[in-house]
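A look at the structure
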Amino acid sequence: MFESRRSRVATLAACATLLLATSACGDDKPDEASAQQVRLYGTDGNMLNSYPAELKERASLVDGMKGTTPLVPLPDDFKGRLRAVNPALTDYVYSAETYDAVVIAVLAAQLAGSTDPAAITKQIVAVTNDGQRCEDPASCLALARNGQDIEYRGVSLTRAGFTDKGEPATASYATLTFDGQQINDGKTEFVGAGIESAASTKTPPRPKKQRPGGAADQEPLVLGGLLPKTGDLAIAYPPMAAGAALAIKEINAAGGALGKPVTWLDGDDGTNPAVAKATVAKHVTDGVSVIIGAGGSGISRAVLPDVVQAGKILFSPSNTDSSLTDVDDQGLYFRTAPPDSLQGRALADVILRDGSQKIVIVARKDSYGEGLQGTVRDELEKAGIANDRLKLLTYEPPADAKAAPVDFSGGAKEIKAFGADAVLIIGFGESAQVIRGLADAGVQIRQ
(Lines give C-alpha, C1' and ligand atoms only; values in the text may rest on other atoms or scores of the structure.)
Protein backbone atom coordinates (compact mmCIF):
# COMPACT_ATOMS: atom_id res chain seq x y z
CA MET A 1 0.00 0.00 0.00
CA PHE A 2 2.82 2.46 0.86
CA GLU A 3 4.72 1.65 -2.34
CA SER A 4 1.59 2.11 -4.42
CA ARG A 5 0.78 5.51 -2.89
CA ARG A 6 4.36 6.72 -3.40
CA SER A 7 4.27 5.60 -7.02
CA ARG A 8 1.01 7.43 -7.57
CA VAL A 9 2.36 10.66 -6.03
CA ALA A 10 5.43 10.46 -8.26
CA THR A 11 3.26 9.99 -11.32
CA LEU A 12 1.08 12.98 -10.42
CA ALA A 13 4.13 15.13 -9.80
CA ALA A 14 5.62 14.18 -13.13
CA CYS A 15 2.35 14.92 -14.87
CA ALA A 16 2.09 18.30 -13.16
CA THR A 17 5.60 19.18 -14.30
CA LEU A 18 4.78 18.15 -17.86
CA LEU A 19 1.52 20.10 -17.71
CA LEU A 20 3.37 23.28 -16.82
CA ALA A 21 5.82 22.76 -19.66
CA THR A 22 3.55 21.58 -22.45
CA SER A 23 -0.10 21.84 -21.30
CA ALA A 24 -0.34 18.02 -21.62
CA CYS A 25 -1.65 15.34 -19.22
CA GLY A 26 -5.32 15.37 -19.98
CA ASP A 27 -5.43 18.69 -21.92
CA ASP A 28 -4.17 18.37 -25.49
CA LYS A 29 -4.89 22.02 -26.38
CA PRO A 30 -1.52 23.73 -27.16
CA ASP A 31 -0.65 26.98 -25.43
CA GLU A 32 1.18 29.94 -27.01
CA ALA A 33 4.60 28.53 -26.21
CA SER A 34 4.00 25.42 -28.29
CA ALA A 35 2.24 27.19 -31.20
CA GLN A 36 3.94 27.39 -34.58
CA GLN A 37 6.22 30.42 -34.78
CA VAL A 38 6.89 32.28 -38.01
CA ARG A 39 9.99 34.20 -39.05
CA LEU A 40 9.41 37.37 -41.07
CA TYR A 41 11.51 38.33 -44.09
CA GLY A 42 11.41 41.44 -46.26
CA THR A 43 12.89 43.08 -49.34
CA ASP A 44 14.20 46.47 -50.42
CA GLY A 45 10.74 48.08 -50.26
CA ASN A 46 10.27 47.41 -46.54
CA MET A 47 13.73 46.86 -45.01
CA LEU A 48 14.02 50.48 -43.93
CA ASN A 49 14.33 52.16 -40.54
CA SER A 50 11.21 54.14 -41.43
CA TYR A 51 9.14 50.98 -42.00
CA PRO A 52 8.16 50.20 -38.36
CA ALA A 53 6.29 53.52 -38.21
CA GLU A 54 3.85 52.06 -40.76
CA LEU A 55 2.77 49.63 -37.99
CA LYS A 56 2.19 52.49 -35.55
CA GLU A 57 1.53 51.12 -32.04
CA ARG A 58 2.49 47.59 -33.17
CA ALA A 59 5.92 48.52 -34.50
CA SER A 60 7.56 45.91 -32.25
CA LEU A 61 6.25 43.18 -34.58
CA VAL A 62 9.21 43.77 -36.92
CA ASP A 63 11.74 42.86 -34.23
CA GLY A 64 13.92 40.11 -35.71
CA MET A 65 12.67 40.56 -39.28
CA LYS A 66 15.39 39.94 -41.89
CA GLY A 67 15.65 40.86 -45.53
CA THR A 68 17.81 41.90 -48.45
CA THR A 69 18.32 45.05 -50.46
CA PRO A 70 20.71 46.09 -53.22
CA LEU A 71 23.39 47.84 -51.19
CA VAL A 72 27.14 48.20 -51.07
CA PRO A 73 29.05 49.05 -47.90
CA LEU A 74 28.62 52.83 -47.98
CA PRO A 75 31.68 54.92 -47.03
CA ASP A 76 31.19 57.05 -43.93
CA ASP A 77 32.25 60.06 -45.99
CA PHE A 78 29.36 59.49 -48.43
CA LYS A 79 26.87 59.11 -45.58
CA GLY A 80 28.16 62.32 -44.07
CA ARG A 81 27.73 64.20 -47.35
CA LEU A 82 24.17 62.88 -47.62
CA ARG A 83 23.37 64.02 -44.08
CA ALA A 84 24.73 67.46 -44.96
CA VAL A 85 21.98 67.57 -47.60
CA ASN A 86 19.33 66.10 -45.28
CA PRO A 87 20.28 66.08 -41.56
CA ALA A 88 17.14 64.06 -40.73
CA LEU A 89 18.16 61.11 -42.92
CA THR A 90 17.76 57.69 -41.23
CA ASP A 91 18.01 55.35 -44.24
CA TYR A 92 20.40 55.06 -47.18
CA VAL A 93 18.60 52.55 -49.42
CA TYR A 94 18.99 53.53 -53.09
CA SER A 95 20.81 56.74 -52.17
CA ALA A 96 24.00 55.52 -53.86
CA GLU A 97 22.13 54.22 -56.90
CA THR A 98 20.35 57.58 -57.28
CA TYR A 99 23.60 59.49 -56.92
CA ASP A 100 25.28 57.30 -59.54
CA ALA A 101 22.35 57.55 -61.98
CA VAL A 102 22.56 61.34 -61.93
CA VAL A 103 26.36 61.38 -62.27
CA ILE A 104 26.37 58.86 -65.14
CA ALA A 105 23.67 60.77 -67.03
CA VAL A 106 25.60 64.04 -66.73
CA LEU A 107 28.91 62.44 -67.74
CA ALA A 108 27.22 60.90 -70.78
CA ALA A 109 25.95 64.33 -71.84
CA GLN A 110 29.44 65.79 -71.41
CA LEU A 111 31.01 63.03 -73.52
CA ALA A 112 28.32 63.45 -76.16
CA GLY A 113 28.83 67.22 -76.19
CA SER A 114 25.05 67.56 -76.30
CA THR A 115 21.84 67.69 -74.28
CA ASP A 116 20.04 65.73 -77.01
CA PRO A 117 18.74 62.48 -75.42
CA ALA A 118 19.54 60.51 -78.60
CA ALA A 119 23.21 61.52 -78.32
CA ILE A 120 23.33 60.97 -74.55
CA THR A 121 21.99 57.39 -74.80
CA LYS A 122 24.98 56.39 -76.94
CA GLN A 123 27.36 57.29 -74.12
CA ILE A 124 25.59 56.06 -70.95
CA VAL A 125 26.83 52.46 -71.10
CA ALA A 126 30.23 53.68 -72.31
CA VAL A 127 30.64 55.93 -69.25
CA THR A 128 30.92 52.78 -67.12
CA ASN A 129 33.24 50.68 -69.31
CA ASP A 130 36.71 50.59 -70.91
CA GLY A 131 38.19 54.03 -70.34
CA GLN A 132 40.27 56.06 -67.91
CA ARG A 133 39.02 55.10 -64.48
CA CYS A 134 37.65 57.89 -62.28
CA GLU A 135 35.57 57.81 -59.12
CA ASP A 136 34.05 61.26 -58.49
CA PRO A 137 32.23 63.91 -60.54
CA ALA A 138 35.08 66.44 -60.52
CA SER A 139 37.80 64.12 -61.87
CA CYS A 140 35.45 62.39 -64.32
CA LEU A 141 34.14 65.68 -65.72
CA ALA A 142 37.69 66.98 -66.14
CA LEU A 143 38.59 63.94 -68.25
CA ALA A 144 35.37 64.08 -70.25
CA ARG A 145 35.79 67.78 -71.05
CA ASN A 146 39.18 66.93 -72.48
CA GLY A 147 37.63 64.33 -74.81
CA GLN A 148 38.92 61.39 -72.77
CA ASP A 149 36.88 58.20 -72.64
CA ILE A 150 36.19 57.29 -69.01
CA GLU A 151 35.25 54.36 -66.81
CA TYR A 152 33.18 55.65 -63.92
CA ARG A 153 33.25 53.71 -60.67
CA GLY A 154 31.05 55.38 -58.13
CA VAL A 155 29.37 54.48 -54.88
CA SER A 156 27.02 51.70 -56.01
CA LEU A 157 28.83 50.78 -59.23
CA THR A 158 32.11 49.36 -57.94
CA ARG A 159 33.03 46.04 -59.58
CA ALA A 160 31.91 46.23 -63.21
CA GLY A 161 30.06 48.50 -65.60
CA PHE A 162 26.76 48.25 -67.45
CA THR A 163 25.68 45.45 -69.73
CA ASP A 164 24.54 46.13 -73.30
CA LYS A 165 21.01 46.38 -71.86
CA GLY A 166 21.97 49.36 -69.71
CA GLU A 167 22.01 47.81 -66.24
CA PRO A 168 24.73 46.72 -63.78
CA ALA A 169 26.59 43.53 -64.68
CA THR A 170 27.31 42.89 -61.00
CA ALA A 171 25.66 43.86 -57.75
CA SER A 172 26.11 43.86 -54.01
CA TYR A 173 23.30 42.85 -51.65
CA ALA A 174 23.01 43.48 -47.95
CA THR A 175 21.24 41.20 -45.49
CA LEU A 176 19.56 43.48 -42.98
CA THR A 177 18.11 42.62 -39.56
CA PHE A 178 15.66 44.57 -37.42
CA ASP A 179 16.87 44.62 -33.83
CA GLY A 180 13.98 46.12 -31.96
CA GLN A 181 12.54 48.76 -34.29
CA GLN A 182 15.79 49.72 -36.00
CA ILE A 183 18.07 47.92 -38.44
CA ASN A 184 21.18 46.78 -36.59
CA ASP A 185 24.12 47.79 -38.79
CA GLY A 186 26.35 45.49 -36.76
CA LYS A 187 24.43 42.47 -38.08
CA THR A 188 24.48 43.57 -41.73
CA GLU A 189 26.19 41.18 -44.13
CA PHE A 190 27.15 41.85 -47.75
CA VAL A 191 27.30 39.42 -50.66
CA GLY A 192 28.24 39.97 -54.30
CA ALA A 193 26.31 38.71 -57.31
CA GLY A 194 26.54 38.81 -61.09
CA ILE A 195 29.34 38.27 -63.62
CA GLU A 196 31.90 40.95 -64.51
CA SER A 197 32.33 39.56 -68.02
CA ALA A 198 28.70 40.49 -68.75
CA ALA A 199 29.72 44.18 -68.94
CA SER A 200 29.47 45.70 -72.41
CA THR A 201 32.50 45.81 -74.70
CA LYS A 202 30.88 47.82 -77.49
CA THR A 203 32.81 50.80 -78.80
CA PRO A 204 30.91 54.07 -78.26
CA PRO A 205 31.07 57.19 -80.45
CA ARG A 206 34.27 59.20 -79.98
CA PRO A 207 33.94 61.61 -77.03
CA LYS A 208 33.73 65.28 -77.95
CA LYS A 209 36.26 67.64 -76.43
CA GLN A 210 34.62 70.68 -74.88
CA ARG A 211 35.30 73.95 -76.67
CA PRO A 212 36.78 76.81 -74.62
CA GLY A 213 33.92 78.56 -72.86
CA GLY A 214 31.62 75.57 -73.25
CA ALA A 215 28.88 74.94 -75.78
CA ALA A 216 27.35 78.39 -76.21
CA ASP A 217 24.69 77.04 -78.58
CA GLN A 218 23.48 74.46 -76.04
CA GLU A 219 20.78 75.01 -73.46
CA PRO A 220 21.73 73.87 -69.92
CA LEU A 221 21.31 70.17 -69.29
CA VAL A 222 18.02 69.59 -67.47
CA LEU A 223 17.32 66.48 -65.39
CA GLY A 224 13.88 65.75 -63.97
CA GLY A 225 13.00 63.74 -60.89
CA LEU A 226 10.37 61.02 -61.00
CA LEU A 227 10.81 59.81 -57.44
CA PRO A 228 8.20 58.56 -54.91
CA LYS A 229 7.54 61.68 -52.84
CA THR A 230 4.09 60.24 -52.10
CA GLY A 231 2.40 56.84 -52.25
CA ASP A 232 3.32 53.37 -51.00
CA LEU A 233 7.04 53.82 -51.72
CA ALA A 234 7.32 57.24 -50.08
CA ILE A 235 9.26 55.69 -47.18
CA ALA A 236 12.21 55.30 -49.61
CA TYR A 237 12.03 58.88 -50.91
CA PRO A 238 14.33 60.68 -48.40
CA PRO A 239 17.53 58.74 -49.22
CA MET A 240 16.82 58.81 -52.96
CA ALA A 241 16.14 62.55 -52.94
CA ALA A 242 19.30 63.14 -50.90
CA GLY A 243 21.35 61.12 -53.39
CA ALA A 244 20.06 63.18 -56.31
CA ALA A 245 20.55 66.49 -54.52
CA LEU A 246 24.11 65.58 -53.50
CA ALA A 247 25.02 64.58 -57.07
CA ILE A 248 23.68 67.84 -58.54
CA LYS A 249 25.47 69.85 -55.85
CA GLU A 250 28.83 68.17 -56.50
CA ILE A 251 28.46 68.25 -60.30
CA ASN A 252 27.77 71.98 -60.32
CA ALA A 253 30.58 72.62 -57.82
CA ALA A 254 32.83 70.94 -60.40
CA GLY A 255 31.68 73.25 -63.20
CA GLY A 256 28.52 71.54 -64.39
CA ALA A 257 28.13 70.01 -67.86
CA LEU A 258 28.93 71.57 -71.23
CA GLY A 259 30.16 74.69 -69.46
CA LYS A 260 26.88 75.38 -67.63
CA PRO A 261 25.25 74.38 -64.35
CA VAL A 262 22.99 71.34 -64.53
CA THR A 263 19.35 72.07 -63.71
CA TRP A 264 17.24 69.69 -61.58
CA LEU A 265 13.45 69.81 -61.77
CA ASP A 266 11.77 67.94 -58.93
CA GLY A 267 8.90 65.58 -59.68
CA ASP A 268 6.72 62.98 -57.94
CA ASP A 269 5.81 59.54 -59.29
CA GLY A 270 3.22 59.08 -56.50
CA THR A 271 3.79 55.31 -56.68
CA ASN A 272 0.85 55.74 -59.04
CA PRO A 273 0.78 55.58 -62.87
CA ALA A 274 -1.57 58.55 -63.21
CA VAL A 275 0.59 60.80 -61.03
CA ALA A 276 3.76 59.64 -62.76
CA LYS A 277 2.34 60.21 -66.25
CA ALA A 278 1.39 63.76 -65.33
CA THR A 279 4.92 64.40 -64.05
CA VAL A 280 6.46 62.98 -67.22
CA ALA A 281 4.25 65.19 -69.36
CA LYS A 282 5.37 68.26 -67.42
CA HIS A 283 9.03 67.28 -67.72
CA VAL A 284 8.64 66.90 -71.49
CA THR A 285 7.09 70.38 -71.70
CA ASP A 286 9.89 71.80 -69.54
CA GLY A 287 12.66 70.45 -71.78
CA VAL A 288 14.02 67.71 -69.54
CA SER A 289 16.54 65.45 -71.32
CA VAL A 290 16.88 62.70 -68.67
CA ILE A 291 14.21 61.62 -66.20
CA ILE A 292 15.60 60.03 -63.02
CA GLY A 293 13.06 57.42 -61.89
CA ALA A 294 10.57 56.02 -61.46
CA GLY A 295 10.82 54.54 -57.98
CA GLY A 296 8.75 51.41 -58.56
CA SER A 297 9.24 49.02 -61.48
CA GLY A 298 5.53 49.00 -62.29
CA ILE A 299 5.48 52.78 -62.49
CA SER A 300 8.40 52.84 -64.92
CA ARG A 301 6.68 50.23 -67.06
CA ALA A 302 3.53 52.40 -67.12
CA VAL A 303 5.26 55.63 -68.15
CA LEU A 304 7.92 54.21 -70.47
CA PRO A 305 5.72 54.42 -73.63
CA ASP A 306 5.20 58.14 -72.92
CA VAL A 307 8.93 58.67 -72.36
CA VAL A 308 9.84 56.82 -75.55
CA GLN A 309 7.26 58.70 -77.61
CA ALA A 310 8.75 61.98 -76.38
CA GLY A 311 12.29 60.76 -77.17
CA LYS A 312 13.49 61.25 -73.59
CA ILE A 313 15.62 59.02 -71.34
CA LEU A 314 14.25 57.15 -68.32
CA PHE A 315 17.01 56.28 -65.86
CA SER A 316 15.87 54.52 -62.68
CA PRO A 317 17.92 54.07 -59.53
CA SER A 318 15.55 51.54 -57.97
CA ASN A 319 13.73 49.41 -60.57
CA THR A 320 14.53 45.74 -60.00
CA ASP A 321 11.86 43.88 -62.04
CA SER A 322 13.86 41.39 -64.14
CA SER A 323 11.48 41.62 -67.09
CA LEU A 324 12.47 45.26 -67.61
CA THR A 325 15.79 44.01 -68.97
CA ASP A 326 14.11 43.18 -72.27
CA VAL A 327 11.37 45.82 -72.28
CA ASP A 328 10.69 47.58 -75.61
CA ASP A 329 12.44 50.85 -74.76
CA GLN A 330 14.04 51.93 -78.06
CA GLY A 331 17.31 52.11 -76.13
CA LEU A 332 16.03 54.86 -73.82
CA TYR A 333 15.72 52.98 -70.50
CA PHE A 334 18.60 52.47 -68.05
CA ARG A 335 18.96 51.57 -64.37
CA THR A 336 21.61 51.51 -61.68
CA ALA A 337 19.62 49.00 -59.59
CA PRO A 338 20.34 45.35 -60.40
CA PRO A 339 17.55 43.04 -61.68
CA ASP A 340 15.75 40.77 -59.22
CA SER A 341 17.17 37.69 -60.92
CA LEU A 342 20.16 38.43 -58.67
CA GLN A 343 18.25 39.47 -55.53
CA GLY A 344 16.11 36.32 -55.64
CA ARG A 345 19.15 34.15 -54.99
CA ALA A 346 20.27 36.30 -52.07
CA LEU A 347 16.80 36.19 -50.48
CA ALA A 348 16.49 32.43 -50.86
CA ASP A 349 19.86 31.97 -49.20
CA VAL A 350 18.87 34.12 -46.20
CA ILE A 351 15.66 32.12 -45.68
CA LEU A 352 17.32 28.72 -46.08
CA ARG A 353 20.15 29.55 -43.68
CA ASP A 354 17.57 29.80 -40.90
CA GLY A 355 16.39 26.24 -41.63
CA SER A 356 12.90 27.22 -42.80
CA GLN A 357 10.91 24.35 -44.33
CA LYS A 358 7.37 25.68 -44.97
CA ILE A 359 7.57 29.03 -46.67
CA VAL A 360 4.93 31.52 -47.77
CA ILE A 361 5.84 34.31 -50.20
CA VAL A 362 3.43 37.25 -50.06
CA ALA A 363 3.77 39.87 -52.81
CA ARG A 364 2.05 43.05 -53.87
CA LYS A 365 0.24 42.41 -57.13
CA ASP A 366 2.42 44.23 -59.66
CA SER A 367 5.43 43.52 -61.86
CA TYR A 368 7.91 44.10 -59.04
CA GLY A 369 6.12 41.97 -56.44
CA GLU A 370 5.08 39.06 -58.63
CA GLY A 371 8.36 39.08 -60.54
CA LEU A 372 10.51 38.78 -57.42
CA GLN A 373 8.06 36.30 -55.92
CA GLY A 374 8.52 33.97 -58.87
CA THR A 375 12.30 34.31 -58.79
CA VAL A 376 12.54 33.48 -55.07
CA ARG A 377 10.21 30.49 -55.53
CA ASP A 378 12.40 29.14 -58.34
CA GLU A 379 15.55 29.55 -56.23
CA LEU A 380 13.97 27.78 -53.24
CA GLU A 381 12.82 24.90 -55.42
CA LYS A 382 16.33 24.59 -56.90
CA ALA A 383 17.63 24.35 -53.33
CA GLY A 384 15.33 21.38 -52.62
CA ILE A 385 12.20 22.93 -51.08
CA ALA A 386 9.31 20.85 -52.45
CA ASN A 387 6.45 22.63 -54.22
CA ASP A 388 3.94 21.51 -51.58
CA ARG A 389 6.00 23.26 -48.91
CA LEU A 390 5.77 26.60 -50.71
CA LYS A 391 2.74 28.86 -50.88
CA LEU A 392 2.37 32.02 -52.99
CA LEU A 393 -0.08 34.77 -52.07
CA THR A 394 -0.65 38.25 -53.49
CA TYR A 395 -2.55 41.33 -52.41
CA GLU A 396 -3.85 44.35 -54.27
CA PRO A 397 -1.93 47.48 -53.23
CA PRO A 398 -4.05 50.58 -52.54
CA ALA A 399 -4.79 52.64 -55.65
CA ASP A 400 -3.72 55.81 -53.83
CA ALA A 401 -3.16 57.28 -50.38
CA LYS A 402 -6.90 57.86 -49.88
CA ALA A 403 -7.86 54.23 -50.61
CA ALA A 404 -8.75 51.76 -47.88
CA PRO A 405 -5.73 49.96 -46.37
CA VAL A 406 -4.82 46.44 -47.44
CA ASP A 407 -7.09 43.79 -45.88
CA PHE A 408 -4.96 40.67 -45.48
CA SER A 409 -7.18 38.84 -43.00
CA GLY A 410 -8.02 36.05 -45.48
CA GLY A 411 -4.41 35.53 -46.49
CA ALA A 412 -3.31 35.49 -42.85
CA LYS A 413 -5.76 32.68 -42.10
CA GLU A 414 -4.38 30.70 -45.06
CA ILE A 415 -0.85 31.13 -43.73
CA LYS A 416 -1.87 29.97 -40.28
CA ALA A 417 -3.63 26.90 -41.70
CA PHE A 418 -0.63 26.12 -43.90
CA GLY A 419 1.60 25.94 -40.82
CA ALA A 420 4.29 28.19 -42.27
CA ASP A 421 7.52 28.75 -40.37
CA ALA A 422 8.68 31.57 -42.68
CA VAL A 423 6.83 34.41 -44.43
CA LEU A 424 8.56 36.60 -47.00
CA ILE A 425 6.77 39.90 -47.62
CA ILE A 426 7.50 41.67 -50.92
CA GLY A 427 6.00 45.13 -50.85
CA PHE A 428 6.38 48.77 -49.91
CA GLY A 429 4.97 50.72 -46.97
CA GLU A 430 1.52 49.18 -47.39
CA SER A 431 2.92 45.71 -46.69
CA ALA A 432 2.84 46.55 -42.97
CA GLN A 433 -0.84 45.59 -43.18
CA VAL A 434 0.24 42.03 -43.99
CA ILE A 435 2.12 41.85 -40.70
CA ARG A 436 -0.88 43.30 -38.85
CA GLY A 437 -3.10 40.69 -40.48
CA LEU A 438 -0.81 37.86 -39.37
CA ALA A 439 -0.82 39.07 -35.78
CA ASP A 440 -4.60 39.54 -35.78
CA ALA A 441 -5.05 35.98 -37.06
CA GLY A 442 -3.08 34.64 -34.10
CA VAL A 443 0.07 33.76 -36.03
CA GLN A 444 3.01 33.72 -33.60
CA ILE A 445 5.71 36.00 -35.04
CA ARG A 446 9.17 34.91 -33.95
CA GLN A 447 11.36 37.63 -32.50
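The following paragraphs examine the structure supplied in this document. (Residues numbered from 1 in each chain as written. Predicted model: local features only at pLDDT ≥ 70, side-chain atom pairs only at ≥ 80, totals over all residues. Heavy atoms only, no water.)

1. Structural notes on the overall build of the protein chain
When helices and strands are tallied, the protein chain shows 12 helices and 16 strands. Overall, the C-alpha framework of the protein chain stretches about 115 × 40 × 40 Å when taken along its three principal axes. A buried classification covers 53% of the 447 residues belonging to the protein chain. Within the protein chain, contacts between residues at least 6 apart in sequence are counted, and of these 72% link residues at least 24 apart. Accessible surface, the protein chain as shown: approximately 18,900 Å² in total, 51% of it carbon and sulfur. Separation between the mean location of the 45 positive side-chain charges and that of the 55 negative ones in the protein chain comes to 1 Å. (Helix = DSSP H or I, 4+ residues; strand = E, 2+ residues; numbered from the N terminus. Buried < 20%, exposed > 50% of the residue type's maximum accessible area, 1.4 Å probe, protein only. Contact = heavy atoms within 4.5 Å. Areas by Shrake-Rupley, 256 points an atom, 1.4 Å probe, with all protein chains shown as cover. Lys, Arg positive; Asp, Glu negative; His and termini not counted. Charge placed at Lys NZ, Arg CZ, Asp CG, Glu CD.)

2. Quick notes on the nonpolar core
Membership of the largest hydrophobic core comes to 110 residues, with the highest contact counts inside it found for Phe315, Val423 and Ile435. For this core, the element with the highest residue contribution is helix H3 (residues 95–112), accounting for 12 residues. Setting aside residues up to four positions removed in sequence, valine 423 forms contacts with Val38, Arg39, Leu40, Tyr41, Val360, Val362, Ile415 and Leu438. (Core = buried A, V, L, I, M, F, W, Y, C linked by side-chain atoms within 4.5 Å.)

3. Considerations on the pairing of strand E8 (residues 222–226)
Regular strands have side chains that alternate between both faces of the sheet. Across the 5 residues that make up E8, a large majority, 5, are buried. Of the two faces of E8, the one lined by Val222, Gly224 and Leu226 and the one lined by Leu223 and Gly225 are each fully buried. One ladder, built from 3 bridges, connects E8 with strand E9 (residues 263–265); its direction is parallel. Counterpart to valine 222 in the pairing with E9 is threonine 263. Since E8 and E9 lie parallel, the crossover through helix H6 (residues 237–253) that links them has a hand, and here it is right-handed. Two strands pair when backbone bridges link them, and E8 and strand E10 (residues 290–293) are joined in this way by 4 bridges, in the parallel orientation. Each bridged residue has a counterpart across the sheet, and for leucine 226 the counterpart in E10 is glycine 293. (Pairing = 2+ DSSP bridges. Right-handed = clockwise from strand over helix to strand, strands pointing away.)

4. A closer look at the packing of aromatic side chains
Counted by the stated rule, this structure contains 4 aromatic pairs. Ring centres of phenylalanine 78 and tyrosine 99 lie 5.4 Å apart, and the angle between their planes is 80°; this geometry places the pair in the edge-to-face category. A residue pair is termed long-range when its members are at least 10 positions apart, and phenylalanine 78 in helix H2 (residues 76–85) and tyrosine 99 in helix H3 qualify at 21 residues. The exposure class assigned to phenylalanine 78 is buried, which follows from its relative accessible area of 1%. Ring geometry for phenylalanine 315 versus phenylalanine 334: centroids 5.9 Å apart, planes at 45°, classification tilted. With a gap of 19 residues between them, phenylalanine 315 in strand E11 (residues 313–316) and phenylalanine 334 in strand E12 (residues 333–335) connect regions that are remote in the sequence. One exposure class covers both phenylalanine 315 and phenylalanine 334, and it is buried. One aromatic cluster is present, formed by Phe162, Phe315 and Phe334 through successive ring pairs. Between lysine 79 and the ring centre of tyrosine 92, over which it is positioned, the NZ or CZ distance is 5.3 Å. The positively charged end of lysine 358 is found above the aromatic ring belonging to phenylalanine 418, 4.4 Å away from the centroid. (Phe/Tyr/Trp six-rings, centres within 6.5 Å; stacked < 30°, edge-to-face > 60°. Lys NZ or Arg CZ within 6 Å of the ring centre and 35° of its normal.)

5. Describing the environment of aspartate 149
Within the secondary structure, aspartate 149 sits in the loop between helix H5 (137–145) and strand E4 (150–152). Using a relative accessible area of 17% as the deciding quantity, one classes aspartate 149 as buried. Here the alpha-carbon distance between aspartate 149 and proline 207, two residues 58 residues apart in the chain, equals 6.3 Å. With sequence-adjacent residues up to four places away left out, aspartate 149 is seen in contact with Ala126, Asn129, Asp130, Gly131, Gln132, Pro204 and Pro207.

6. Points about H2
Within H2 the residues assigned to the buried category are Phe78, Lys79 and Leu82. Seen from one end, H2 has its buried residues packed into an arc of 100°, which puts them on one side. Relative to its buried face, H2 has exposed residues pointing more than 90 degrees away, namely Asp76 and Ala84. Considering only its buried residues, H2 is in contact with H3 and H6. (Arc of directions from axis to C-beta.)

7. Things to note about the sheet that holds E12
As summarised here, the arrangement of the 5 strands in space is E9-E8-E10-E11-E12, forming an open sheet in which the pairing is parallel. Each end of this open sheet is capped by a strand with a single partner; those strands are E9 and E12. Between one strand and the next, the sheet's axes are offset by a mean angle of 25°, whatever the strand orientation. Across 3 bridges, the pairing between E10 and E11 is parallel. (Axes fitted to C-alpha atoms, helices over the stretch in contact; angles between N-to-C directions.)

8. Examining the pattern of salt bridges
Under the counting rule described, the total for this entry stands at 25 salt bridges. Linking arginine 301 and aspartate 321 is a salt bridge whose minimum nitrogen-to-oxygen distance equals 3.3 Å. Here the residue arginine 301 occupies a position in helix H8 (residues 297–310), and aspartate 321 occupies one in the loop between E11 and E12, the gap between them amounting to 20 residues. A salt bridge links arginine 377 to aspartate 378; its shortest N-O distance comes to 3.2 Å. Overlapping salt bridges, with partners in common, bring together Asp232, Arg364, Asp366 and Glu430 in one network. (Salt bridge = Lys/Arg side-chain N within 4 Å of Asp/Glu carboxyl O.)

9. A word on the state of the cysteines
A full pass over the atoms with the stated rule returns 1 disulfide. Across the disulfide from cysteine 134 sits cysteine 140; the S-S distance is 2.1 Å. Residues cysteine 134 and cysteine 140 are joined by a disulfide whose S-S torsion is about 115°; by sign, that bridge is right-handed. What makes cysteine 134 buried here is its relative accessible area of 4%. (Disulfide = S-S within 2.5 Å.)

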